[in-house]
Protein chains: 2
Amino acid sequence: MPRIDRLFSVAALTVGLLLGTTAHAETGHATATHAAAAKRKVIIDDDGFALMQAMLVESGDVDVLGLTSVSGDLWANRVTAMDLRGLELAGRSDIPVSAGATFPLVNTEAQTERWEALYGKLTWKGAWMKNWVEPTQQATPPYYGPNDPVTLAWGDPAHKPTGELAANFLIRMVHKYPGEVTIVACGPMTNLALAQRLDPQFASLAKELVYMGGSFNPRQVLDNRSAADFAREFTNSPRREFNIRFDPEAASIVSRAPWRHITVVPADPSTATQQTPELIERLAKVASPDLARLIRSLPTGFPMWDEIAAAVFLDPTLVKQHERLYVDYETQFGPSYGDTLSWREHYQPGLGEQPADVIETVDVPRMEALIERLMARSRKP
Amino acid sequence: MPRIDRLFSVAALTVGLLLGTTAHAETGHATATHAAAAKRKVIIDDDGFALMQAMLVESGDVDVLGLTSVSGDLWANRVTAMDLRGLELAGRSDIPVSAGATFPLVNTEAQTERWEALYGKLTWKGAWMKNWVEPTQQATPPYYGPNDPVTLAWGDPAHKPTGELAANFLIRMVHKYPGEVTIVACGPMTNLALAQRLDPQFASLAKELVYMGGSFNPRQVLDNRSAADFAREFTNSPRREFNIRFDPEAASIVSRAPWRHITVVPADPSTATQQTPELIERLAKVASPDLARLIRSLPTGFPMWDEIAAAVFLDPTLVKQHERLYVDYETQFGPSYGDTLSWREHYQPGLGEQPADVIETVDVPRMEALIERLMARSRKP
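Residues numbered from 1 in each chain as written. Chains lettered and ligands numbered in written order. Predicted model: local features only at pLDDT ≥ 70, side-chain atom pairs only at ≥ 80, totals over all residues. Heavy atoms only, no water.

For the rest of this paragraph, the subject is the relation of the copies chain A and chain B. Relative to chain B, chain A is turned by 180° and slid 0.0 Å along the rotation axis, the superposed coordinates differing by an RMSD of 0.0 Å. Expressed as an axis order, the relation between the two copies is that of a two-fold axis. The residues that chain A uses at the interface reappear at the interface of chain B in 100% of cases, marking a shared surface. (Least-squares fit on C-alpha atoms with pLDDT ≥ 70 in both. Contact = heavy atoms within 4.5 Å.)

Laid out in C-alpha cells, this is it:
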C-alpha cells in the first residue's frame, strides 16, 4: 500500500507507545488525523546515512520532512547518494533529499594540514582523512575528491535529490511550519549556518535544534580496543569533536543563533555506547530484508554518536544526566580551533551564545531496545 | 644549636628513611658527608608559603638552596615577605629568599578584564581577584596593588631577601651545581621563563623541573561544598589552570625549554585531596609551636595542589597513575588563552615542546602520612 497510508495506520500506535499513553491507540479516521497532528516534524541534517536516519524514518511519532546532506565524514555528494539509497532501502523514498554544502565556511583541507604542522596531528579528519596517525582497528575510508563520481556498495539510488539546496529547504520548511520543525543535525553545521545568515529568522522559526557535536569532559567507559582507539580523539583534546572541528565558524554562528531550544549531544554520552557486531546482528534480525542489508553493512566498533541524538529526541526519558550550559565554539585559528566553550550561568560573555541542554549520560540498554523496536517497524506491512 | 648542624644530624636518618634503606643510618662525620652528598638540591619557586615549603625544608633528604617568589595568587612582594616569615617560623632562616617577577611577561590585570568581557568570567584571578562570580565558601582575599606595603598576620619577617633577583639566583645555582638542582615550581612560571631567556643553558643545566600547573581532565572526586566550589575552576574549562593562565607565555617558554626531565602535577590529582580542618589540626599537633601557628593559619577546604608536587618529588612511589605526554600551553589571546595542550607520541607538532611525566593520581592517605612525618620533624632538637 502507499507508504503514506502505512504511516497513518502505525502512527496512532506509535504515538501512544512513545508518549506512554493509550489515549491515542484507537482506530479510524479521527485517530489518524489526531496522530498526524501530534507527529513531530523533523529535518535530518547529516554527513552520512546510518542507524540514526533509520530510527527517525521508522518512528511513527515523527514526520521526517526531508534529509539534507553536508560534508564532514564524507563529501556531501557521497552523503546525498547515501541518503537517497538509504531511504530506498528503508522503504521511504517519499522523503525528499536536498544536497547541502560541499565546503565548510572558512576551514579547508589545505589549511587543516598547515594547522597540523603548527599544532599537532588530528585523530580524525573526515573527508580529508588520508591515514591514521597510529595503527587503528577501524579501516581508513577511501580518499575522494569533492566532485569524484559516487558508486555505493549499497547499490546506487534510483531517486534524485530535490534540486533545492539544503539551506533553502531548511528555510522554506521553518516558514511553512513555524514553531513546529525540529532539526536533528549530526554533521558539521555548515547548512544551518548558511540558513541562519541567509535568513535571520531561521533559528527562531524552528521548534528546536537537537545536534550531535562538541565535547565536554568525556572519559573512556568501555574496556576494549575500539573504545581505546576512539578515546584518542578526546583524551588529549577533551573539548574537540569532529563535527565542530570541521567547520568551527558554522558551529559558532549556529550556537549564537536565537533557537527556542537547543539540545546538545556531545561526545560525552557516546563513550558508554558501541555499535558492536552483536548489536548490529540483533538489529538486522528484526529489520526488513532491505534495511537489514544496510544495517549489516555498517562499520562496527563505533560509538553511537548520532543514534543518541535521535534516541533522546524520540524518548527524552533516556537521558540520565544533563546540564543547562551556555555553549559556543572557538573560532580563533590556534591550537584550540573548534574547541567547545561552555559556561555556567553568570560566567558567559553574553555575545549571543545560547543556553542548551547538554546530555551527559543516557540509559544505553533502553536506548538499544528503542533502536531494536524501531528497526522492527521496518518489517510491518 | 646552629641550624646547619641540626640539618646534618637529621639528614642521615631521613635519607635512610626516604630512600627506604638503612645503609646511611650511621652516625659520625663520614655519614654526615655522605648524607650531604646524597641530599637533593632544590629551589622552590612559588607564589605563596604554606605546607609545600614546610615539607621540603623539613625533609632531611633535601637541601633547599633557596626560595624564589613570584606573583600569582598574591603579588610577589607579599610572597617574598611570606617566604621570609615562613622560613623563620620553620626555623630555617638560613635559607635565602630571592624576590621574583612582579608582573607576568605579557598578561596584565587590565587585559584580563577585557578578556573576560569577550570570553567569560574566570573563577580565580589570584592577585587580580576582586569578587567571586558566585557565592563561594572560601573567603575573597583582600585586594592589593603590586607595591602596597606588606603586613603579615604571621608577624613581619626580621630577615631580608638576598637582593639578587630570582631569575639570576636560579641561573647562578644551576651553573654552580650543574645537573644537580631540582626546581619545584608551584606558581606562574615567570621567573623560570625569564631565566631561560636570560640564559639559554638554564633549563639544560638543571637536574629537573617539577611543577604544579596545567589541567588535563580533572573530575570532582570529593563530595562536599569546597570540592564543588573548586570544581567550578575546571568543569567548563578542563584545560585551564590558574598558574598557567596567569602567565601563559611564560608557561609555553618553559615547556619548550630543554629540561632533562619534567614532572607535571596538574589539577587532576588534586581533586582527591583536601586541606581539611582535621588534617590541619593533625599536622599542627605534631609540629613545633611556631610551625603549628603557621599551619593553623592556613585556609581550609583547598585542594593540596602544591603539596602533591613536593610529595611526589620526595617520594615518587606515591604516584598511582601517570602518563608520558608532550605538553605546551596556548598563547593565543582567545577563549583558550593559557589552556593546557598535550599530545601522545606521534601527534605533537615538534616545536620544542617536551615530553613530561604527567601525574594523574596519587596515594592520598600515604601522602598525608608523609606530610605528618615531615611536620613532626620541626619539633626535633
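Structure shown, so let's carry the discussion forward.
This paragraph deals with the pairing of strand 5 (residues 208–212) of chain B. All names here are of chain B. Counting buried positions along strand 5 gives 5 out of 5 residues, so the element sits mostly inside the fold. Covered by surrounding structure in strand 5 are E208, V210 and M212 together with L209 and Y211, the residues of both alternating faces. Two elements, strand 4 (residues 181–185) and strand 5, share 4 bridges in a ladder whose sense is parallel. Bridging from a neighbouring strand, T182 pairs with E208 of strand 5. Two elements, strand 5 and strand 6 (residues 262–265), share 4 bridges in a ladder whose sense is parallel. Paired with M212 across the strands is V265, a residue of strand 6. (Buried < 20%, exposed > 50% of the residue type's maximum accessible area, 1.4 Å probe, protein only. Helix = DSSP H or I, 4+ residues; strand = E, 2+ residues; numbered from the N terminus. Pairing = 2+ DSSP bridges.)

What follows concerns the interface of chain A and chain B. Contacts between the two partners involve 35 residues from chain A, matched on the other side by 35 residues from chain B. When the area that chain A buries against chain B is broken down by residue, the three leading residues are R219, N236 and Y347 of chain A, summing to 23%. Our count for the chain A to chain B interface comes out at 2 salt bridges. Salt-bridge contacts for R344 of chain A lead to E134 of chain B; the nearest nitrogen and oxygen are separated by 2.9 Å. In this structure, the connection of chain A to chain B is made through 20 residue pairs in polar contact (both at pLDDT 80 or more). Broken down by secondary-structure element, the contributors of at least two residues to the side of chain A that touches chain B are helix 5 (109–119) and strand 8 (340–343) of chain A. A breakdown of the residues in the side of chain A that touches chain B according to their chemical character gives 16 nonpolar, 12 polar and 7 charged. (Buried area = accessible area lost by both parts, 1.4 Å probe. Salt bridge = Lys/Arg side-chain N within 4 Å of Asp/Glu carboxyl O. Polar contact = N/O pair within 3.5 Å; in protein donor to acceptor, adjacent residues only side chain to side chain. Nonpolar A, V, L, I, M, F, W, Y, C, P; charged D, E, K, R; others polar.)

On to the sheet that holds strand 4 of chain B, then. Residue and element names in this part refer to chain B. With mixed pairing, the 9 strands of this open sheet are ordered in space as 3-2-1-4-5-6-9-7-8. At either margin of the open sheet sits one strand with a lone partner, and together these are strand 3 (97–98) and strand 8 (340–343). Relative to strand 2 (residues 62–69), strand 1 (residues 40–46) runs parallel, the two sharing 7 bridges. Across the sheet, residue V42 finds its bridge partner in strand 2, namely V64. Across the face of the sheet, helix 6 (residues 166–176) comes into contact with strand 1, strand 2, strand 3 and strand 4 while running at roughly 155° to strand 2. (Axes fitted to C-alpha atoms, helices over the stretch in contact; angles between N-to-C directions.)

With that out of the way, let us pick up helix 11 (residues 248–255) of chain A. Residue and element names in this part refer to chain A. Counted residue by residue, helix 11 has 8 buried out of 8 residues, so it is predominantly covered. P248, E249, A250, A251, S252, I253, V254 and S255 are the residues of helix 11 that are buried. Against helix 7 (190–198), strand 5 (208–212), helix 10 (242–246), strand 7 (319–329) and strand 9 (354–362) lie the buried residues of helix 11.

The values are spatial; any link to function lies outside them.
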